[in-house]
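Residues per chain are reported as follows:
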Amino acid sequence: MTAVVDFVPGTAGRAVPTGLLIDGEWRGAADGRTFDVENPATGETIAVVADGGTADADAAIAAAAAAQSSWGRTAPRERGEILRRTFELVMERQDWLAEIMTTEMGKPFAEAKGEVAYAAEYLRWFSEEAVRIDGDAGISTDGRNRVVVTREPIGPCVLVTPWNFPLAMGARKIAPAVAAGCTMVLKPPQQTPLTSLALATILAEAGLPDGVLNIVTTSSAGTVVGRWMSNKNARKVSFTGSTEVGKILLRQAADNVMKASMELGGNAPFIVCADADLDTAVEGAIAAKMRNMGEACTAANRLYVHRSVMEEFSKRLAARMADLRVGNGMESETQVGPLIDDAGRSKVQQLVDDALSRGATAVTGGTMPEGPGYFYPPTVLTNVPADAKLMNEEIFGPVAPVIPFDDEDEMIEVANDTDWGLVGYVFTQDIDRAFDLSERLEVGMVGVNTGIVANPAAPFGGVKQSGLGREGGKVGIDDFLEFKYLTFPRRRGA
C-alpha cells in the first residue's frame, strides 16, 4: 500500500490514497516518481502523488482487459446496486469529499458540496439505467428469419477528466461505464487527483470488483493516455477538456478505430432581450458566469444585452459582482475561490488587459491582486470591441464582457460566429421569442431564463467544435454499448 494523505472534516477523518489503483491494488509508480498537489488558495503542497508512466499505463489497461469478460457478464441489477450503494456512500460523505475538492481545487466549500450532490445524481441515475438496457426483435421483411438485436458493453474504456469539476466529471463517465458493464482506465487531472482517488475508495467499498476501475495519476498526460489510445484492448475514449487536446485524441482514436465521446470547449452567448426580467437576468448571469469562479465550459463568455436595458443591466450586474466575497474556499463567507493555478490566472489577466487596450471599460475588477493564492476579482467589462481576444477565446475566469445589441437577427449571427457550440442562454418573457432564439442558436443546450443547464437526467453536450456525443440522460449510456444483431431461420408452416 502507498502512503495516504488525511483530510479531516469536523471529527471524521478518512484516508485518501495517493498511489495508482491497478487491479484493485494501490501501488507506487513503477519508477518511483511522484508529483506535488497544491492548494491554489495558499500555494502550499497538500499531497505527494504517484506519477505514473508507460509501464503503469500498460499494467492498468492490461488489468481492465483481463477483467472485461467477467465484468461484462454480470447481472445488470448487480451493476446497478453497486452504483446505488456508491450513491448512498457519496451522500453520507459529502463534507469529506467537499473538503478534498475545496483544498485541491479552490471552489468554495458550499459549492463543492453542491458538486458532490450533483455527482451523486449521476451515480443514482445510471444505477437505474443499468437495468433498462434494451434490444429489439422482429421478423425479416421477406418473412424467412427472426431478427434479434442486443446491446453489449463496448469493452475497456479510456476516461480522461478535467480539474474544474473533479467529482462530477468522474461520476459522469464512470457511472454509465459501470452500468453498461465496461471496465475502465482513468487519468485524473494532475491538479486535482485526490477527489478521483477518494471516489475510487468508495466504489471499492460499494463492491466494484478489482480491475474494473484502474487509475493512473500522472504529470505526463500525453504519455499515459497516448499509451492507452494505441492499445488494441481500448475500445472507447471519453474525454472532457480543451478542444485542442480533444482533436489530438480524436486522431489517436481514428488510428485505433475507437468510439469517441468528446465534451470540449465553449464560448457561450448569454442573451438578455429588451423584455427580460432584469432581476432574473442578473441572477442568471451570476450563476452562468460565476459558477466555479468562471472556470467552466458552460460559463457565459459573451453577454449580449439589448441596448434599451444595457445600462441598467450592467449597473446591477457590476454591483452584484463587486459584492461577492473572494477568499479561501474553506472560509464560510467565501463566495469566490482562487483560480486553479498561476497560468490560469495570468491568462485571464492577459485577456482583460487586451480588451482594455482595445477600448473596453472595467466597471468593476480587472486587476490581479497581490499576495498568496491565485485569486482574481469578479470583473465586468463594457465597451468591449468585437476584436478583443476574450470574445473569441474561453475566458475560464470571473470576467463578464457585456456587449449591447439592437437587432436580434444581427445578434444571433454574431453569437453563432464561433467554432464552439456548447450552450447558450436566453432571457425573455416572450415564450415565442424564447423558442425562436433557442432554435436559432447553434448550440447543444439552451438555458431559458436560467443560468444553469446541467442535469443528470438530460443529455449534456455540444455541436461544432464543442464535442461529440452526449453524457447523462437516457442516451448517456449509449456510447458505452455496441449493437449485436442475431438472425435465425424461421420455421414456416405448410
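See the structure shown above.
Residues numbered from 1 in each chain as written. Predicted model: local features only at pLDDT ≥ 70, side-chain atom pairs only at ≥ 80, totals over all residues. Heavy atoms only, no water.

Asks: Before we go on, may I ask you to explain the overall build of the chain in this structure?
Replies: Within the chain, the regular secondary structure consists of 13 helices and 24 strands. Its C-alpha radius of gyration of 24 Å places the chain within 12% of the 23 Å reference for a compact globule of 494 residues. Across its three principal axes, the chain shows a C-alpha extent of roughly 80 × 65 × 40 Å. Residue burial in the chain is summarised as follows: out of 494 residues, 56% are buried. Accessible surface, the chain as shown: approximately 19,800 Å² in total, 49% of it carbon and sulfur. When the 47 positive and 66 negative side-chain charges of the chain are each reduced to one mean point, those points stand 9 Å apart. (Helix = DSSP H or I, 4+ residues; strand = E, 2+ residues; numbered from the N terminus. Rg over C-alpha atoms; globule rule 2.2 N^0.38 Å. Buried < 20%, exposed > 50% of the residue type's maximum accessible area, 1.4 Å probe, protein only. Areas by Shrake-Rupley, 256 points an atom, 1.4 Å probe, with all protein chains shown as cover. Lys, Arg positive; Asp, Glu negative; His and termini not counted. Charge placed at Lys NZ, Arg CZ, Asp CG, Glu CD.)

Asks: Just checking my understanding: could you explain the pattern of salt bridges for this structure?
Replies: Here the idea is simple: oppositely charged side chains can pair when their charged atoms come close. In this structure the tally under the stated criterion is 28 salt bridges. Here Glu-25 and Arg-27 are joined by a salt bridge, their closest N and O atoms 3.3 Å apart. Judged by its relative accessible area of 42%, Glu-25 is partly exposed. In this structure, Arg-316 and Asp-279 form a salt bridge, with 2.7 Å as the shortest nitrogen-oxygen distance. With Arg-316 in helix 10 (residues 307-323) and Asp-279 in helix 9 (residues 278-290), this residue pair connects regions lying 37 residues apart in the sequence. Overall, the relative accessible area of 51% leaves Asp-279 in the exposed class. (Salt bridge = Lys/Arg side-chain N within 4 Å of Asp/Glu carboxyl O.)

Asks: Could you clarify how one ought to interpret a negative patch on the surface in this entry?
Replies: Together, Asp-407, Glu-410, Glu-413, Asp-417 and Asp-419 line one region of the surface with negative charge. Assignment of secondary structure puts Asp-407 in the loop between strand 18 (399-405) and helix 12 (408-415). (Patch = residues over 30% accessible without salt bridge, like charges linked within 9 Å, V, L, I, M, F, W, Y side chains within 5 Å.)

Asks: What should I look at first to understand the environment of Ala-41 in this one?
Replies: Note that Ala-41 resides in the loop between strand 5 (34-38) and strand 6 (45-50). Sequence-wise, Ala-41 and Val-423 are 382 residues apart; in three dimensions their C-alpha atoms are separated by 29 Å. Leaving out residues up to four positions away in the same chain, Ala-41 has contacts with Asn-328, Pro-338, Pro-372, Gly-373 and Phe-375. (Contact = heavy atoms within 4.5 Å.)

Asks: Where do I start with the packing of aromatic side chains in this structure?
Replies: Two descriptors summarise a pair of aromatic rings, namely the distance from one centre to the other and the angle between the planes of the rings. Applying the stated rule across the entire model yields four aromatic pairs. Taking 5.7 Å as the distance between ring centres and 85° as the angle between the ring planes, the aromatic pair formed by Trp-163 and Phe-396 counts as edge-to-face. Here Phe-396 lies in the loop between strand 17 (379-382) and strand 18 and Trp-163 lies in the loop between strand 9 (157-160) and helix 5 (166-180), a separation of 233 residues in the sequence. Classification of Phe-396 by relative accessible area gives partly exposed; the value is 22%. Chaining the aromatic ring pairs together yields one cluster made of Phe-270, Tyr-425 and Phe-427. Sitting over the face of the ring of Phe-480, Lys-236 holds its NZ or CZ atom 4.8 Å from the ring centroid. (Phe/Tyr/Trp six-rings, centres within 6.5 Å; stacked < 30°, edge-to-face > 60°. Lys NZ or Arg CZ within 6 Å of the ring centre and 35° of its normal.)

Asks: How do you make sense of the packing of helix 9 against helix 10 when you look at a structure like this?
Replies: What describes two packed helices is the angle between their axes and the distance between those same axes. The interhelical angle for the contact between helix 9 and helix 10, taken along N-to-C directions, is 50°, at an axis separation of 10 Å. Considering their axes alone, helix 9 and helix 10 lie oblique with respect to each other. Remark: the crossing between helix 9 and helix 10 carries right-handed chirality. On helix 10, the residues touching Leu-278, Asp-279, Ala-281, Val-282, Glu-283, Ala-285, Ile-286, Lys-289 and Met-290 of helix 9 are Val-309, Glu-312, Phe-313, Arg-316, Leu-317, Arg-320 and Met-321. The class makeup of the residues in the contact of helix 9 with helix 10 is 10 nonpolar, no polar and six charged. (Axes fitted to C-alpha atoms, helices over the stretch in contact; angles between N-to-C directions. Parallel < 35°, antiparallel > 145°, perpendicular 65-115°, else oblique. Left-handed = near helix turned anticlockwise from the far one by under 90°. Nonpolar A, V, L, I, M, F, W, Y, C, P; charged D, E, K, R; others polar.)

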